[in-house]
Structure formats: C-alpha cells, structure tokens
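Spelled out from the first residue to the last, the chains are:
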Amino acid sequence: MQMPSYIRFVLAGTMLLHGVSLFTGIGSMGVQAMWAWGTSPPKCEPVAGAAWSFQQGATIAAGSSGTVKCTAAGGTANVATVQCPTSTGTAPDSDWWGPCGPGASCAQTKKIGNTVTCTGGATQKPTSTTKSASLAQRVATYAMQFAAMVAVVVCAHSFAG
C-alpha cells in the first residue's frame, strides 16, 4: 500500500525543517552533544613558563577561579585570582572545543594567565604557548551538522518520491 501524497509531503517537510534547525542551530530539539567531556572535564593551568601557580594545585576546573601564588619567595602577583572559562558541555562550546576536541574526555588543559606577572624575588616572564585548534577540530562540528542535513534531505526526497 502506497502512502498518500499529503502524508509524504508532511513527513518530508518535517524532516527538512528539523534538518535545517540542526544545521543552523535554530530552536531547541532536546538533543545533547555526545562530546560532553564527562569522564575528564575541562581544566585550566598557568601558561608555560609562568612565574606563578595556583594555590589550589596544578589545575583548576572550568568555571572556577584560581588564587595566584608566585613561585619566587616573597613575590607579589599583579592580580589575586584568574578565571578559568566556563564550559557548557554542549555544542557550541567556543572556549573549549579547541583544547578539548570530541570525546568523553577533554584532550588538553587550557593555558590561562598570560598577563599575570610577579614582582619581587626572582621572577620569570611568562610566555604564551596556547595552541590553536587544528582545522579538523574547527570544522568538525559544522561537518557533522552538514552531514546530518544532507541525510535529512535524502530521506525527505525518498519520502516525497
């Protein structure tokens, strides 16, 4: 038994609308990303060569602030704390997609505090070693959305006949 044409038209339109909304990010579909980094969440650490560390430890969690502690005895920092950017854990998470990438674990820590300086005692000027995201990491989200939209268009076309 063949489906009536108006049902095929409704199904095709629904699938196309859903595909466009996924691709453009319009509307809420109740879908959550699979790469929410639940196993190893995003963390921040001081930039390489920093003359300071966090009082709390080697890293701090995303969304928290760390107390700056100069490594030189008697050193004084120009700021008391630094903030680690928050993470939404869902697409798009612009602060974290580059260092974390896809998967259940965040691949790298984010380097922060390149403007923090310590005076007094033996100090070392911080250097920035922040890596930019690879081309594959930058376009992965859009490629997946494009693939989903193409799949929806193909399905809609097959329903429409």
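Note that this is a predicted model, so its numbers are computed, not measured.

(A) Layout of the overall build of the protein. A tally of helices and strands in the protein yields 3 helices and 8 strands. Helices and strands in the protein line up, N terminus first, as α-β-β-β-β-β-β-α-β-β-α. Counting across all 161 residues of the protein, residues that qualify as buried make up 25%. In the protein, of all internal contacts separated by at least 6 residues, the share reaching a separation of at least 24 is 59%.

(B) Geometry of the sheet that holds strand β6 (residues 81–83). Strand order across the open sheet formed by 3 strands is β2-β4-β6, with antiparallel pairing between neighbours. Only two strands of the sheet have a single partner each, and these edge strands are β2 (52–54) and β6. In this sheet, adjacent strand axes meet at a mean angle of 40° when their direction is disregarded. Two strands pair when backbone bridges link them, and strand β4 (residues 65–70) and β6 are joined in this way by 3 bridges, in the antiparallel orientation. Its bridge partner being in β6, G66 is matched across the sheet by V82.

(C) Here's a closer look at the state of the cysteines. In total, this model carries 3 disulfides according to the counting rule given. Each sulfur of the disulfide joining C70 and C118 lies 2.1 Å from the other. Residues C70 and C118 are joined by a disulfide whose S-S torsion is about -90°; by sign, that bridge is left-handed. One end of the pair, C70, is in strand β4; the other, C118, is in strand β8 (residues 118–119), and 48 residues separate them in sequence. Note on C70: relative accessible area 13%, which makes it buried. On the basis of relative accessible area, C118 is assigned to the buried category, the value being 9%.

(D) Just the sheet that holds strand β1 (residues 43–46), in detail. Pairing is mixed in the open sheet, where 3 strands are placed in the order β3-β1-β7. In this open sheet, the two strands that pair with only one neighbour each are β3 (60–61) and β7 (110–112). Note: β1 against β7, 3 bridges, orientation parallel. Within the sheet, the bridge partner assigned to P46 lies in β7 and is I112.

(E) Looking closely at the pairing of β4. Two elements, β2 and β4, share 3 bridges in a ladder whose sense is antiparallel. Paired with W52 across the bridge in β4 is C70.

(F) Structural detail: the confidence of the model for the protein. In this model, the protein carries a mean pLDDT of 76, and residues with pLDDT of at least 70 account for 57%. pLDDT under 50 marks residues 28–34. Its contacts with residues more than four places away, or in other chains, come to 6 contacts.

(G) How the structure looks around the nonpolar core. Judged by nonpolar contacts, the single largest core of 18 residues is most densely connected at W52, V82, W96 and I112. Those elements giving two or more residues to this core turn out to be β2, β4 and α2 (97–100). Those residues in contact with V82 that lie beyond four places of it in its chain are W52, F54, I60, S64, S65, G66, V68, I112 and V116.

(H) The environment of A77, seen in detail. Tracing the chain through its elements places A77 in strand β5 (residues 76–77). Residue A77 is classed as partly exposed on the basis of its relative accessible area, which comes to 23%. Expressed as a C-alpha distance, the spacing of A77 and G120, which sit 43 residues apart in the sequence, is 9.1 Å. Filtering out sequence-adjacent residues up to four positions away, A77 remains in contact with V68, C70, T117 and C118.

Parameters and conventions
Residues numbered from 1 in each chain as written. Predicted model: local features only at pLDDT ≥ 70, side-chain atom pairs only at ≥ 80, totals over all residues. Heavy atoms only, no water. Helix = DSSP H or I, 4+ residues; strand = E, 2+ residues; numbered from the N terminus. Buried < 20%, exposed > 50% of the residue type's maximum accessible area, 1.4 Å probe, protein only. Contact = heavy atoms within 4.5 Å. Pairing = 2+ DSSP bridges. Axes fitted to C-alpha atoms, helices over the stretch in contact; angles between N-to-C directions. Disulfide = S-S within 2.5 Å. pLDDT = per-residue confidence, 0-100. Core = buried A, V, L, I, M, F, W, Y, C linked by side-chain atoms within 4.5 Å.

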